[in-house]
Amino acid sequence: MLDKLIAKILEYNKDADIETVRKAYNIAASAHEGQKRVSGEDYIIHPMEVSYILADLQLDVPTITAAILHDVIEDTSYSFEDVEVVFGKEIADLVDGVTKISKLEFQSKEEQQAENLRKMIIAMAKDIRVIMIKLADRLHNMRTLKYMPENKQKEKAQETLDIYAPIAHRLGISKIKWELEDISLRYLDEEGYYDLVNKVASKREEREKYIQDVIDQLKEKLKSVEIEADISGRPKHFYSIYRKMYQQNRNFEEIYDLIAVRIIVNNIKDCYGVLGVAHTMWKPLPGRFKDYIAMPKPNMYQSLHTTVIGPKGDPFEIQIRTWDMHRTAEFGIAAHWKYKEGVEESDNFEDKLVWLRQILEWQRELQDASEFMETLKVDLFTDEVYVFTPKGDVIELPQGSCPLDFAYRIHSDIGNKCIGAKISGKIVPLNYTLQNGDIVEVLTSKHSNGPSRDWLKLVKSSHARNKIKQYFKKDKKEENIQKGKDLLEKEMKRQGLQQTNILKHNYLEYAAQKSNYNNIDDLYAAIGYGGIKPNFVIQRIKNNFKNELNLIPETPPAEEQVFETRPAKMSEDYDKLEKAVKVSGFKNMAVRFSRCCNPVPGDKIVGYITRGRGVSVHRADCTNIRNTDDVGRLIDVEWVKFTTANFSAEINIKARDAKGLLTKVTTVISDHNSSIVSLTVKTDQDYAYFDIAFEVKSTRELNQVIKKLNKISEIISIYRK
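Being a predicted model, the structure only gives us computed values, none of them experimental.

Q: Can you break down the pattern of salt bridges residue by residue, with the values?
A: Taken as a whole and assessed by the stated rule, the structure comprises 20 salt bridges. With a closest N to O distance of 3.3 Å, Lys-199 and Asp-195 form a salt bridge. Taken together, the positions of Lys-199 and Asp-195, both in helix H12 (residues 190-202) and four residues apart, correspond to about one turn of that helix. By relative accessible area, Asp-195 is classed as partly exposed at 39%. Notably, a salt bridge pairs Arg-720 with Asp-603, separated by 2.6 Å at the nearest N-O pair. Remark: Asp-603 occurs in the loop between strand S13 (591-593) and strand S14 (605-609) and Arg-720 occurs in strand S21 (residues 715-720); sequence separation between them is 117 residues. We classify Arg-720 as partly exposed; its relative accessible area is 24%. Residues joined by salt bridges that share partners form a network here, namely Lys-8, Glu-11, Asp-56 and Lys-175.

Rendered as structure tokens:
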């Protein structure tokens, strides 16, 4: 392992400090001696594989050394000081940065995810190498995900798709991004993944022959105009095809750019020369040309993209770039590494991280975990739209932005005084969606009364949203305090809580302190201007003072989850349901399905012997089962192979509130011939929250419904209860 790593490092850095790498390996191997991974392998294999991933990106020796040591502070007797003494502060800080991201405890899953992300962003701003190590760590863990339990596989795959792959994209590291996405897809939708693999493979030979003909024609033409070029066919990775099919509701046969032709040349002049040649050979598809050389993506990606109608009438994509651009496309920020030998400050490395500092600045005021997650998804993970000022300056905004986003990006005063906008000389409403290439002129008035709260529903960018909130925070504090009190009381009534129980001074002081506000008035004001959600405050109080409040547990004990608590309609199906499960070692045992987790055929299940009520069937990942101390009452159960019974599945949906949303959601379920058993909808400012129980026959049916629901543009997240 060590020899392989050293050979890789010496390929790109012949003067590398190999002795430091050897020393790190010896210490890590000794520290992790006797430790095993879930796969049964020696633990040292993991940090060495992480280091090799970073060496493949051609990173510096301190980063690779820190990767070898990245688990020693967390998992062995070594301390930060021990690492600092042997390797110096730079490497010790890198190891400590990775460790701190992992060592956090939170009251809820959402809060944990949000705070992990905050820590990552702060670590990235301090030293980007911390997140590079974390990405490599996640990639190797994903490569070995098959050894984890199924529920952990799905959890890690979803987290990777939501967080790590988009961060790799924002850093421009396509090599890591693509692999993370494809592995995640394999565990989140195994059937869809392998179906796609088979479809791609079935016509691979025919497709590759077609592309080779195109390449041969291009080579001949470019040779005649004396342009030296390396030409190859690049297959699209599976997740990009999958996402296009489901987001655009297209069949596999309708995805024509399964392979792109990549042309690499020696200079920018030749890039545009090749583009001209390609457009004389084949007709370009209107609206499909993108010049990322003149306007690079925020992750530094540069290339010319065009789609042309090929020799057989089939469209295909051509990407044209220089060798330097190609390196950046593959390695992203690692291609511009300021710590590398020979990289000068003129490389403007710090300028390339401006977006990171902006995100750090914008997210500081967001205390609410769910709002922070949504904000970050916009900042990091959405596509961009490029528009122009009347003077021709390029402004980059999140896709879906409106003129207000543009106005606030220019200056907060211009945003506050905005009364309208012109796009290419024509007046447009403030809710107009900006398109690539729009020339935007902001109309302002000195008599403007300032922003409207309704603007928070229009703007897409975090920058604009935070500037609007700051305006209300500073200018209307008394109004915000009263509004915050009203919102908190309204939320308590909605949850059926008594105000005297929750609104105690010490409870509110605790909530203010934990949410980083100076006093209770500041907490109320923050609720009023939208800086924190009232439900978040109440939950914090409930979690910390649950004994004093004598709150009724939200979920009854596992053995109380009996069949009779199901809706009346399900009772009609009792006989079929009882016969849907076999209890190991028993015949005709009374079987009841737990309401706390609603198991469905296809789920892994376990039985719990109740007192006088037969066996209660739970999903194997049910919290009540995992937390039970009475393991002696657990019993093996299994699904009968064929059953015609209907089962109640329950899902939670979070969506942007919009007119007609309820109709869209219920139509998807009814179109699938599923009966809705119960439905609860709650709204909170801009969001709607659905609790829906509906009948299905299997997890496959359930997943099909969830897939279709995910195509509704307003839906943000869907979780099975």
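Moving on from the model shown.
Q: I'd love a proper account of unusual backbone geometry, names of residues and values included.
A: Backbone geometry places Gln-58, a non-glycine residue, at a positive phi of 65°. Mapping Gln-58 onto the fold places it in the loop between helix H3 (45-56) and helix H4 (61-68). Assessed through its relative accessible area of 23%, Gln-58 is described here as partly exposed. Backbone geometry places Glu-226, a non-glycine residue, at a positive phi of 60°. Inspection of the secondary structure puts Glu-226 in the loop between helix H13 (204-224) and strand S1 (229-235). What makes Glu-226 exposed here is its relative accessible area of 73%.

What counts and how
Residues numbered from 1 in each chain as written. Predicted model: local features only at pLDDT ≥ 70, side-chain atom pairs only at ≥ 80, totals over all residues. Heavy atoms only, no water. Salt bridge = Lys/Arg side-chain N within 4 Å of Asp/Glu carboxyl O. Helix = DSSP H or I, 4+ residues; strand = E, 2+ residues; numbered from the N terminus. Buried < 20%, exposed > 50% of the residue type's maximum accessible area, 1.4 Å probe, protein only.

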